[in-house]
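Understanding the architecture of this molecule
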Amino acid sequence: MRSSLLGGAALTALYLSTSLTPPALLAQQDPVELDSLKVITGTALPRSSDQLGNHVTVLDGDELRARGVTRIEDALRGASGLHLVRNGSFGALTSLFMRGAESDQVQVLLDGVPLNQPGGAIDLSGLTLENVERIEISRGPSSALGGSDAMAGVIQIITRTGVGPISGAANARMGSFGRRDTGLTLDGSAGAARYSVTATRYLTDGTLDLNNEHDQTVVSGRVDITPDERSFIRLSANLSDREFNFPTDGAGNATDRNQFTFTDRTTLAIEARRQFAPWMDVRLLLTSLDEETGTDDAFDDEEDTESFVSLTAIQRLGADLRANLDLPGGSVLTLGGEFEDQDVRDFSEFVSPFGTSTGRSENDRTNLASYLHWTGGIGALSANGGVRLEENDNFGTSASWQAGAAFAVTDRWTLRSAAGRGIKEPTFFENFASGFAVGNPDLDPETSLSWEVGSEWSALDGHLRMSATWFDQSIDDLIQFTSTPSAPGAPNFFNVAEASSRGLELETGGTVGALELGANWTYLDTEVEDAGFASGAGATFVEGEKLLRRPESTLRFDAGMRPRHDLGLSLAVEHVGEREDRDFSTFPASPVTLEAYTLVDAALTWSAPVRLGPDIGVTLRGENLFDDRYEGAFGFEAPGRTLLIDVRVGFGG
């Protein structure tokens, strides 16, 4: 039923909308900052990255697609300070660790819509690249503008819009592990409106012989309207329907022939801006996230005595109103307020020889926030700072702040620094759980305090770029579960743990003729400062030990070139060092060390000469070419060598 509804929505969207320019078949560029772009993530106003105090990276969607990258998780692997962990095959749970912080402490936005579940949980495996203009990665606390979840940083995915006569492209992709994808893109403009739409279906049989298919359909669209020179309206929507079949238990053993998870997600953003006076403009952003996710594990056969099904329905509705006021001296003061309503409904049923047990819950909470942010500068100095007050139904009032500055020592050398305090609200389960666990409505938000200093240089007329960033962050009031509450019926969740991380991010990139080169290295040192309720060598938190699944060292190298206008080549090499983990097949869990691994990816793109007729492009991509066997999480082996071919036919324009 879900696939049928989404398929109908796709056809309707394609009929009503028009156009997306086919991605150019360009060589891979190194994933360092694109200084010519205005960064909108983590700032009250669009600003060039060389005016920001924190480390920001912008990834270009066309360049990513040109080398055959189709998923956000693979795009993010090229950025320093980020580490991604996928629990096995394509479509499996994918977590993100930014500068050592937990996956639920990073805010992920799609055109301004928070994709995190209330409390921060985010699975990146369902996020795709087909209609993405760029990805902005803003490191460091951003809660002063973004609120909860933006505790360690923000990743914003920004979709693209069309221009000019209607044009589009159709593509088909196939390859290893039964991969078979199809897609259609359209875009264009008419009068005051610019529009785009994509519809794509992804299919793979997975890496395991038993029950490992992944099926996803995505429809994405955007319309920009400029009624007059002082007004702007944007509407964007994304619909995703996917299923991931997995036979594995918690230790990675393949045991179940029909177990699967599903996620149906719809996002909607409506943004309106108006210049009311030469010194004042106002913006209103309305956002909506509707998500249904769950697990279905029916009886395998007549001999199977247990079944389980769960469903969680999540809704986040938000409204953000802000005014930008021009002040004397060229600075800008931003005043804003935000309202968000969160609603979560859960259902589960477990059948066993001992009977049937069910669980139901429905809870909601609201959040009111007010904030102010200042942006300005004097001469070579650019600065910004802001504060935010949150008033939440559960944790009451909380404050966050951020500040940053950048100083252009010369036109080729910039020094920068930033600091801030971020928060992450508790999950609904931690607040409202009942049954085998009891939630604690009096939990405080988790908090972080972070600072960084950095420097950026360029040489050889901009053909060589280098940057270095040292960061330090502490995370307090981490929420933990205890199986031995103080009294019957007492809560199982408390703010008790602490952790810290510090490290160095080095990046360099440049051009040598037609060759583009880039490299980055991340050093990360994490430590559990207070293990809270955890105890024993097999606990997930051990005082004085490192945080799990975070590599101390990550090295990345990128190269790309286009020897001819119709031919592009790219190469990416990534080395990830050893990580600490746990073997959860034993009780208590046993400490293990995950081995280091090196991945080599390459792509070749070719576009047919115009004189041959249709706009035809072919991309050959190889992933993990040397078939390195490794585990992102213990017991869950990652895919081996993968070969893909993508054929694209453009039209119109």
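As a starting point, this report considers the structure included with it. (Residues numbered from 1 in each chain as written. Predicted model: local features only at pLDDT ≥ 70, side-chain atom pairs only at ≥ 80, totals over all residues. Heavy atoms only, no water.)

What about the environment of Glu631?
Looking at the secondary structure, you find Glu631 in strand S33 (residues 631-633). Each C-alpha atom, one on Glu631 and one on Glu595, is 7.9 Å from the other, the two residues being 36 residues apart in sequence. Non-local contacts of Glu631, meaning those with residues more than four positions away in its chain, are made with Arg579, Leu594, Phe636 and Glu637. From its side chain, Glu631 meets the backbone nitrogen of Gly635 in a polar contact 3.3 Å long. (Helix = DSSP H or I, 4+ residues; strand = E, 2+ residues; numbered from the N terminus. Contact = heavy atoms within 4.5 Å. Polar contact = N/O pair within 3.5 Å; in protein donor to acceptor, adjacent residues only side chain to side chain.)

Regarding the sheet that holds strand S6 (residues 106-110)
Strands sit in the order S3-S8-S9-S6-S7 across an open sheet of 5 strands; the sheet is mixed. In this open sheet, the two edge strands, each paired with only one partner strand, are strand S3 (56-60) and strand S7 (113-114). Bridge analysis of S3 against strand S8 (residues 132-139) gives 5 bridges, and the strand direction is antiparallel. Of the residues in S8, the one forming a bridge with Thr57 is Ile137. (Pairing = 2+ DSSP bridges.)

A word on the nonpolar core
Membership of the largest hydrophobic core comes to 35 residues, with the highest contact counts inside it found for Leu76, Ile135, Ile137 and Ile155. Breaking this core down by element, the ones donating at least two residues are helix H3 (72-76), strand S4 (82-86), strand S5 (94-98), S6, S8, strand S9 (153-159), strand S24 (464-481) and strand S25 (493-512). (Core = buried A, V, L, I, M, F, W, Y, C linked by side-chain atoms within 4.5 Å. Buried < 20%, exposed > 50% of the residue type's maximum accessible area, 1.4 Å probe, protein only.)

A look at the pattern of salt bridges
Per the stated rule, a full pass over the model turns up 46 salt bridges. Two residues, Arg416 and Glu456, come together in a salt bridge whose shortest N-O distance is 3.2 Å. Here Arg416 is found in strand S22 (residues 413-424), whereas its partner Glu456 is found in strand S23 (residues 446-459), with 40 residues between them in sequence. The exposure classification of Arg416 matches that of Glu456, with both residues buried. (Salt bridge = Lys/Arg side-chain N within 4 Å of Asp/Glu carboxyl O.)

Quick word on unusual backbone geometry
Glycine aside, residues mostly have negative phi, and peptide bonds are mostly found in the trans state. Between Phe587 and the following residue, Pro588, the backbone shows a cis peptide bond with an omega angle of -5°. Here Pro588 lies in the loop between strand S29 (579-583) and strand S30 (590-594). The phi dihedral of Phe177 falls on the positive side, at around 60°, and the residue is not glycine. Position of Phe177 relative to the elements: it lies in the loop between strand S10 (167-175) and strand S11 (179-190).

So, a nonpolar patch on the surface
A cluster of nonpolar side chains, Met174, Leu569, Leu604, Leu620, Ile645, Val647 and Val649, forms an exposed patch at the surface whose accessible area comes to about 520 Å². Broken down by element, the residue count for the nonpolar patch peaks at 3 residues, all from strand S35 (residues 642-652). The class for Val649 is partly exposed, based on a relative accessible area of 35%. (Patch = residues over 30% accessible without salt bridge, like charges linked within 9 Å, V, L, I, M, F, W, Y side chains within 5 Å. Areas by Shrake-Rupley, 256 points an atom, 1.4 Å probe, with all protein chains shown as cover.)

Focus on a negative patch on the surface
Where like charges cluster on the molecular surface, the negative patch consists of Asp442, Asp444, Asp477, Glu498, Glu529 and Glu543. Note that Glu543 resides in the loop between strand S26 (515-530) and strand S27 (553-564). Judged by its relative accessible area of 53%, Glu543 is exposed. (Lys, Arg positive; Asp, Glu negative; His and termini not counted. Charge placed at Lys NZ, Arg CZ, Asp CG, Glu CD.)

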